[in-house]
Amino acid sequence: MILCSDPHAQFLEHKEAIEAAISRVLESGRYILGPETAAFESEFAEYTQSKYCSGVANGTDALLLALKACEIGSGDEVITVSLTASATLSAIHQSGAKAVYVDVDPQSYTLDVEQLSQKISSKTKAIIPVHLYGHPAAIEDIVAIAKPRGLYVIEDCAQAHGALFQGKPVGSFGDLGCFSFYPTKNLGAIGDGGAVVSSNKALADKVRLLREYGWAEKFDSCTHGWNSRLDEIQAAILRVKLKHLNEFNQRRANLADKYHRELECLDLILPTTKKHCKHAYHLYVVRLKNRDKLLEHLKAAGILAGIHYPIPVHRQAAYRSTDYDLKVTEEYCDEILSLPMYPELGKELETVCAEVRKFCEI
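So, a few notes on the structure that sits alongside this text. Bear in mind that the values here come from a model prediction, so they are computed numbers and not experimental data.

Broken down by element type, the chain carries 12 helices and 14 strands. Its C-alpha radius of gyration of 20 Å places the chain within 12% of the 21 Å reference for a compact globule of 362 residues. Across its three principal axes, the chain shows a C-alpha extent of roughly 65 × 55 × 35 Å. Residues classed as buried in the chain amount to 56% of the 362 residues present. Residue pairs in contact within the chain that sit at least 24 positions apart in sequence constitute 71% of those at least 6 positions apart. Only carbon and sulfur atoms are counted for the fraction: they give 49% of the accessible area of the chain, which is about 15600 Å². Distance between charge centroids for the chain: 2 Å, based on 40 positive and 47 negative side chains.

Moving on to empty space enclosed by the protein. Within the structure shown, the criterion is met by three cavities of 30 Å³ or more. When its volume is computed, the largest cavity comes out at roughly 80 Å³. Forming the boundary of the largest cavity are 13 residues, of which Pro-7, Gln-10, Pro-183, Thr-184 and Arg-252 lie nearest the centre. When its volume is computed, the second largest cavity comes out at roughly 70 Å³. Surrounding the second largest cavity, Gln-107, Ser-108, Tyr-109, Leu-132, Tyr-133, His-135, Pro-271, Thr-272, His-279, Leu-283 and Val-285 form its lining. When its residues are assigned to classes, the lining of the second largest cavity shows six nonpolar, five polar and no charged.

Okay, the packing of helix H9 (residues 245-263) against helix H12 (residues 348-361) next. The contact between H9 and H12 brings their axes to 10 Å, and the two run at 30°. As far as their axial angle goes, H12 and H9 are roughly parallel. The crossing of H9 and H12 is right-handed. Side by side, H9 and H12 meet where Leu-255, Lys-258, Tyr-259, Glu-262 and Leu-263 of the first sit next to Leu-349, Val-352, Cys-353, Val-356 and Arg-357 of the second. In the contact of H9 with H12, the residues fall into seven nonpolar, no polar and three charged.

Before going further, it helps to examine the environment of Ser-5. Positionally, Ser-5 belongs in the segment before helix H1 (7-13). Separated by 335 residues in the primary sequence, Ser-5 and Pro-340 place their C-alpha atoms 6.0 Å from one another. Ignoring sequence-local partners within four residues, the contact set of Ser-5 consists of Thr-184, Met-341 and Tyr-342.

Attention shifts here to the pairing of strand E5 (residues 152-156). Of all five residues in E5, four are buried, a share of seventy percent or more. Strand direction decides the pairing type here: strand E4 (residues 124-127) and E5, joined by two bridges, are parallel. The residue bridging Ala-126 from the neighbouring strand is Tyr-152, located in E5. As for the winding sense of the linkage, the β-α-β connection from E4 through helix H6 (residues 139-146) to E5 is right-handed. In terms of strand pairing, E5 meets strand E8 (residues 176-180) through three bridges, oriented parallel. By the bridge assignment for E8, Ile-154 is matched with Leu-176.

Moving on, we come to the sheet that holds strand E7 (residues 168-169). Taken in spatial order, the three strands line up as E7-E6-E12 in an open sheet, and their pairing is antiparallel. At either margin of the open sheet sits one strand with a lone partner, and together these are E7 and strand E12 (277-278). Two elements, strand E6 (residues 164-165) and E7, share two bridges in a ladder whose sense is antiparallel. Each residue of the ladder has a partner; that of Leu-164, found in E7, is Pro-169.

Let us look at the environment of Glu-114. In this structure, Glu-114 sits in the loop between strand E3 (98-102) and E4. With a relative accessible area of 68%, Glu-114 lands in the exposed category. Measuring from C-alpha to C-alpha, the distance between Glu-114 and Asp-141 comes to 9.5 Å, with 27 residues separating the pair along the chain.

By volume, the largest pocket amounts to about 440 Å³. Lining the largest pocket are 27 residues, and of these Ala-85, Ala-158, Gln-159, Lys-185 and Tyr-309 lie nearest its centre. Listing elements by their share of the lining of the largest pocket, those giving two or more residues are helix H4 (59-69), helix H5 (86-95) and E8. Considering only residue class, the lining of the largest pocket consists of 13 nonpolar, 11 polar and three charged. Lining the second largest pocket are 17 residues, with Asp-105, Val-113, Ala-138, Asp-141 and Lys-274 positioned closest to its centre. Taken together, the residues that form the lining of the second largest pocket break down as seven nonpolar, three polar and seven charged.

Together, Met-1, Leu-3 and Leu-304 line one region of the surface with nonpolar side chains, adding up to about 290 Å² of accessible area. Leu-3 gets classed as partly exposed once you look at its relative accessible area, which sits at 32%.

Rules of the game
The written sequence of each chain sets the order in which its residues are numbered from 1. Selection of residues for local features in this predicted model requires a pLDDT of at least 70, selection of side-chain atom pairs for listing and counting requires 80 or more, and totals for whole chains, interfaces and linings are taken over all residues. Only hydrogens and water are set aside when side-chain values are computed; all heavy atoms of the structure are taken into account. Helix and strand assignments follow DSSP, with helices taken as H or I runs no shorter than four residues and strands as E runs no shorter than two, numbered in order from the N terminus. Radius of gyration here is computed from C-alpha atoms only, and the compact-globule reference equals 2.2 Å multiplied by the residue count raised to the power 0.38. Only protein chains enter the accessibility calculation, which uses a 1.4 Å probe; a residue is then buried when its area is under 20% of its type maximum, exposed when over 50%, and partly exposed in between. Here, two residues are considered to be in contact whenever any of their heavy atoms come within 4.5 Å of each other. Only the protein chains shown count as covering a residue, and every accessible area follows the Shrake-Rupley method with a 1.4 Å probe. This count recognises Lys and Arg as positive and Asp and Glu as negative, with His and chain-terminal groups excluded. To locate a charge, take NZ of a lysine, CZ of an arginine, CG of an aspartate or CD of a glutamate. Detection works on a 1 Å grid of protein atoms alone, calling trapped sets that fit a 1.4 Å probe cavities and calling open sets with protein on both sides within 12 Å along at least five of seven lines pockets, with lining residues defined by an atom within 4 Å of a point. Grid points are joined across faces, edges and corners, and a volume is the space filled by probe spheres set on the points. Amino acids are sorted into nonpolar (Ala, Val, Leu, Ile, Met, Phe, Trp, Tyr, Cys and Pro), charged (Asp, Glu, Lys and Arg) and polar (every other residue, Gly among them). Here, axes are lines fitted to C-alpha atoms. For helices the fit covers the stretch in contact, and angles between N-to-C directions go from 0 to 180 degrees. When describing relative orientation, an angle under 35 degrees is termed roughly parallel and one over 145 degrees roughly antiparallel, while 65 to 115 degrees is termed roughly perpendicular and anything else oblique. Less than a right angle of anticlockwise turn of the near helix away from the far helix marks a crossing as left-handed, whereas a clockwise turn marks it as right-handed. Here the rule is simple: two strands pair whenever DSSP picks up at least two bridges between them. Here is how to tell: hold the view so the strands point away, follow the path from the first strand over the helix to the second, and if it runs clockwise the crossover is right-handed. To count toward a patch, a residue needs a relative accessible area above 30% and no salt bridge. Like charges then connect within 9 Å, nonpolar side chains (Val, Leu, Ile, Met, Phe, Trp, Tyr) within 5 Å. When a carboxyl oxygen of Asp or Glu lies within 4 Å of a side-chain nitrogen of Lys or Arg, that pair is called a salt bridge.

Quick look at the structure:
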């Protein structure tokens with residue numbers, strides 16, 4: 001069986017270092033917000049070229065705490081995309097704000113900046129661009145539109161650890177950058193985890209308060225808050241993996257190049273990378289009209305491809321809306337297919353390509 005992603009393979013490759021890190025935490029007796037979390041926060045802030053980092057429980061909480069740090073709530077509007085994980089919209093909903101959707105750029109699958117200005121209203125407080133599949137959104141243009149209007153930019157970087165725009169890491173452009181460390185991510189924990197990065201001290205301080213009951217001092221809540229902490233074991237594991245993140249991403253890029261070479265002559269639309277962007281290839285997503293038949297063909301051959309995402313968020317029951325014209329999003333959700341992509345993928349890629357070619361030649 002060839003999996004779409006395989007975090008277990010990464011554990012096996014780095015088993016000794018990961019087990020040593022876990023043992024170090026267990027022996028220390030410090031399990032929550034201890035030295036491992038503090039060290040990881042410092043290291044990840046440096047990696048993302050940000051001044052501050054707060055480890056939190058997961059990527060959804062990272063977005064929610066970022067929104068609440070910006071004092072976004074009932075009556076406010078947040079502009080984002082519908083071609084994303086529902087976690088993006090879950091955070092907006094939990095904040096009390098209303099999501100306003102913008103369609104995606106046909107090439108990058110990220111927020112279409114050409115449509116952004118017309119969606120801004122007097123109620124708009126923030127924009128959440130999603131660096132989908134590892135491709136950076138047009139983040140400089142988004143910030144240029146937001147800043148003069150006094151709007152916050154909160155980057156959803158859950159799929160884009162190490163992606164670059166103009167040579168600078170995603171997460172460092174907006175007011176806040178939000179990351180998930182779900183096990184399948186480019187930088188994945190062995191469990192849940194997340195982080196919020198920022199170079200704005202006031203906002204970073206608010207996130208740090210909000211993640212632990214609003215405590216300025218222990219047992220003294222100066223504001224309402226949550227219990228959303230990155231635990232020491234996950235922080236220690238992430239420190240091991242962070243040292244190898246650039247290597248992991250280069251291996252993903254090499255795999256993407258192989259997919260390009262093997263599949264470019266077929267009747268498929270392959271992913272592309274826009275100018276000034278470095279793709280992190282969290283996913284390798286192709287498009288074709290008879291996507292479901294190819295999915296079935298691959299499954300029969302023991303290949304578990306995926307769909308990210310089959311139902312745009314504005315069509316899902318929890319967030320359903322018919323107020324938007326999202327033609328590209330709706331068309332793409334019927335065509336997209338994620339082929340296996342993870343750094344440890346080896347000769348299995350040749351099997352995947354052979355089966356895709358076999359299907360396209362039928």
